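Overview (structure and organization)
The lines below spell out each chain.
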Amino acid sequence: MDREYSHRCQISSIQYNKKIMGQFHQLSVKDIQNVTDHSVQVFLDIPDDLKATFKFKAGQYVTFKINLEGNDIRRDYSICSSPTSGTLSVAIKIVEGGIFSTYANKKLKKNDVVEVSAPKGRFIFEPAQVLSRSLVAYAAGSGITPILGIIKTLLAEEPKSNFLLVYGNKTPKSAMFLNEISALKQTYPEKFQIQLYI
């Protein structure tokens, strides 16, 4: 490979990466709900012309970008809704010293506009109705967020499969989505098992 061709390839690669990194879309906050005393669930309003762009698979994440005090802040958050739910939501837990997580929990409100990337990530679950399998997931704290979307997807879309969740938290009060997880257990008693460690 000659140097000129190699140099052109490097420039093209840099331009492509910049283009991918710069693809953010302005979305309105459809709703925001408290999950625990230190975490919120943010529901995004996806307009019709962006529904294809924001189509996602269970386990993927989106990147938020905001400007706070003149600084561009970017943070990745896993999608906790299921692809067939008709919603796209993320859960954000306050991190000590976390600029964006504190902003999201203390100041972000319904109808605010945020910049969000298209869904991405390879930690995905793709259901198949013909399969019969047993999945086990271990989660602690906010690590439940991508797992929750996967659980919902399997339970709703793989009738022959089952799921075991091993979920650890410091206290029941700090456990994110504990009520929703318990409700799933009641809905799918034969398919969904929980081992909760507090």
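Residues numbered from 1 in each chain as written. Predicted model: local features only at pLDDT ≥ 70, side-chain atom pairs only at ≥ 80, totals over all residues. Heavy atoms only, no water.

1. Observations regarding the nonpolar core
Rules: Among buried residues, those of type Ala, Val, Leu, Ile, Met, Phe, Trp, Tyr and Cys that are joined through side-chain atoms within 4.5 Å constitute a nonpolar core. Per-residue accessibility, obtained with a 1.4 Å probe over protein chains only, is compared with the maximum for each type, and a residue is labelled buried under 20%, exposed over 50%, and partly exposed between these values. Residue contacts are defined here by distance: any two heavy atoms, one from each residue, within 4.5 Å place the two residues in contact.
Ranked by internal contacts, the top residues of the largest apolar core, which has 24 residues, are Val-42, Leu-44, Phe-64, Ile-92, Phe-100, Val-114 and Val-116. If near-sequence neighbours (up to four positions away) are discounted, Val-114 is found in contact with His-25, Gln-26, Leu-27, Val-29, Leu-44, Phe-64, Ile-66 and Leu-108. Listed in part, the 22 residues of the second largest apolar core include Ala-139, Leu-148, Ile-151 and Tyr-167.

2. Brief notes about the sheet that holds strand 5 (residues 88-93)
Put simply, the rule reads: For two strands to pair, DSSP has to find at least two bridges joining them. Here a strand is any run of E in DSSP of at least two residues, a helix any run of H or I of at least four, and the numbering for each starts at the N terminus. Note on method: axes are straight lines fitted to C-alpha atoms, helices fitted across the in-contact stretch only, with angles between N-to-C directions ranging 0 to 180 degrees.
Taking strand neighbours across the sheet as the criterion, the 6 strands line up as 4-3-6-1-2-5 in an open arrangement whose pairing is antiparallel. The open sheet is flanked by strand 4 (71-78) and strand 5, the only strands paired with a single partner. Averaged over neighbouring strand pairs, the angle between their axes works out to 40° when direction is ignored. In terms of strand pairing, strand 1 (residues 24-36) meets strand 2 (residues 39-45) through 7 bridges, oriented antiparallel. When the bridges of strand 2 are listed, Asn-34 appears paired with Val-40.

3. Let's talk about the confidence of the model for the protein
So the rule is basically this: Per residue, pLDDT measures the predictor's confidence, with a range of 0 to 100.
Taken residue by residue, the protein gives an average pLDDT of 90. The fraction at 70 or more is 89%. Within the model, the stretch residues 1-21 combines pLDDT values under 50 with 2 contacts to residues more than four positions away or in other chains.

4. Things to note about the pattern of salt bridges
Convention followed: The salt bridge criterion pairs a side-chain nitrogen of Lys or Arg with a carboxyl oxygen of Asp or Glu, the two atoms within 4 Å.
Taken as a whole, this structure holds 6 salt bridges when the rule is applied. When the shortest N-O distance is used, the salt bridge between Asp-37 and Lys-173 registers 3.2 Å. Of this pair, Asp-37 sits in the loop between strand 1 and strand 2 while Lys-173 is found in the loop between strand 8 (162-168) and helix 4 (178-187), placing the two residues 136 residues apart along the sequence. For Asp-37, a relative accessible area of 54% corresponds to the exposed category. Lys-65 serves as the salt-bridge partner of Glu-115, at 3.8 Å between the closest nitrogen and oxygen. Placement of Glu-115 in strand 6 (residues 113-117) and of Lys-65 in strand 3 (residues 61-68) is noted, with a sequence separation of 50 residues between them.

5. Quick word on the pairing of strand 2
Extensive coverage of strand 2 is indicated by the burial of 6 of its 7 residues. Counted along the chain from strand 1 to the antiparallel partner strand 2, the turn is 2 residues long. Here strand 2 runs beside strand 5; their pairing, made up of 6 bridges, is antiparallel. Paired with Val-40 across the strands is Ile-92, a residue of strand 5.

6. Digging into the packing of helix 3 (residues 144-157) against helix 4
Operational definition: Should an angle fall under 35 degrees it is taken as roughly parallel, and over 145 as roughly antiparallel, whereas 65 to 115 is taken as roughly perpendicular and any remaining angle as oblique. Should the near helix be turned counterclockwise from the far one by less than a right angle, the crossing is left-handed, whereas a clockwise turn marks it as right-handed.
Following both chains from N to C, one finds helix 3 and helix 4 inclined at 20°, their axes separated by 12 Å at the closest point. In terms of their interaxial angle, helix 3 and helix 4 are classed as roughly parallel. Considering the relative orientation of helix 3 and helix 4, their crossing is left-handed. On the side of helix 3, the interface is formed by Ile-144, Leu-148, Ile-151, Lys-152 and Leu-155, while helix 4 contributes Glu-180, Ile-181 and Leu-184.

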